[in-house]
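Here is how the chains run, residue by residue.
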Amino acid sequence: TVFDDGSGPALYVAGRPSNFVGPVISLMNIVRWDGQSWSAVGESFTAGLDVYELGDFDDGSGPALYAGGQFTNYALSQFNHLARWDGTAWSSMGVNRRGVSSVRTMLPFDAGDGPALLVGGWFASMPQPAVGDAYLALYQGCPPVCLPDLNGDGVVDADDFFLFLSLFAAGDTRADINNDGIIDADDFFNFLSLFAAGCP
């Protein structure tokens, strides 16, 4: 697949670990071609186990390369057959699966409630009984939360300020900015600080 990690589009190739380009890249599951040379993509996943699928997906925290396969560890960290490459490092998806597991395919998907990654393979949820995600699961990231955008229109403006004043005066729980269960001056000043900073 083609993925741009911030340094320009490149071709990423995955499969069984091998000495893909001689001793320069030894026993790698995934390698990168930038148009001139091959390079390793981090360290190798579980020795002897395949990476079956690569996909480009943005879960709300920025575009990333996702890899699925048989692997269960990477650089002494436990992985569960699905990993995320942000251009610098691989990270675990934190999903607990059961049985003879592997991720075989994935596809970006939007059912109307935001982007998601549809993942298929030999897996089931933990703990048992599995409910709804045996062999097929939907991974959906969370978009960054912008607390001062109280009306959710994507803009921090006077409408949000006056809405906060109204919620604060009414004792509405949405005015509890610091989530301490009390609506008081701390929430008021916290909101002012967030409002002044805006949203990224």
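Scroll up to find the structure.
In this report, the structure presented in the accompanying data block is examined. (Residues numbered from 1 in each chain as written. Predicted model: local features only at pLDDT ≥ 70, side-chain atom pairs only at ≥ 80, totals over all residues. Heavy atoms only, no water.)

### Some details on the overall build of the protein chain
Counted only if it meets this: What counts as a helix is a DSSP run of H or I of at least four residues, what counts as a strand is a run of E of at least two, and both are numbered from the N terminus. Relative accessibility decides the category of a residue: with a 1.4 Å probe and only protein chains considered, values under 20% of the type maximum give buried, values over 50% give exposed, and everything between is partly exposed. Contacts between residues were defined by any pair of non-hydrogen atoms, one from each residue, lying within 4.5 Å. Each accessible area is a Shrake-Rupley result for a 1.4 Å probe, and residues are judged covered by the shown protein chains and nothing else.
Within the protein chain, the regular secondary structure consists of two helices and 14 strands. Considering the protein chain as a whole, with its 200 residues, one finds that 32% of them fall into the buried category. Counting contacts in the protein chain only where the partners sit at least 6 residues apart, residues at least 24 apart contribute 34% of the total. Total accessible area on the protein chain is roughly 11,100 Å²; 58% of this is exposed by carbon and sulfur atoms.

### Some details on the packing of aromatic side chains
Pairs of aromatic rings are described using the distance from one ring centre to the other and the angle between the two planes. For clarity, the threshold we go by: Between the rings of Phe, Tyr and Trp (Trp by its six-membered ring), a pair exists once the centres lie within 6.5 Å; its type follows the angle of the planes, with under 30 degrees stacked, over 60 edge-to-face, and the other angles tilted. We count a charge as sitting over a ring when the NZ of a lysine or the CZ of an arginine lies within 6 Å of the ring centre and within 35 degrees of the ring normal.
Going through the model one piece at a time under the given rule, you end up with 13 aromatic pairs. For the ring pair Phe 3 and Tyr 12, a centre distance of 5.8 Å and an interplane angle of 65° mean the geometry is edge-to-face. Relative to Trp 38, the ring of Trp 33 has its centre 5.1 Å away and its plane inclined at 45°; by these criteria the two rings are tilted. Grouped by ring-pair contacts, the aromatic residues Phe 161, Phe 162, Phe 164, Phe 168, Phe 188, Phe 189, Phe 191 and Phe 195 constitute a single cluster. Its guanidinium or amino end placed over the ring of Tyr 52, Arg 104 lies 4.0 Å from that ring's centre, counting from NZ or CZ. Over the ring of Trp 122 we find Arg 104; its NZ or CZ atom is 5.0 Å from the centre of that ring.

### Section: the environment of Arg 16
Structurally, the position occupied by Arg 16 is in strand S2 (residues 9-18). For the pair Arg 16 and Asp 50, spaced 34 residues apart in sequence, the C-alpha to C-alpha distance is 4.4 Å.

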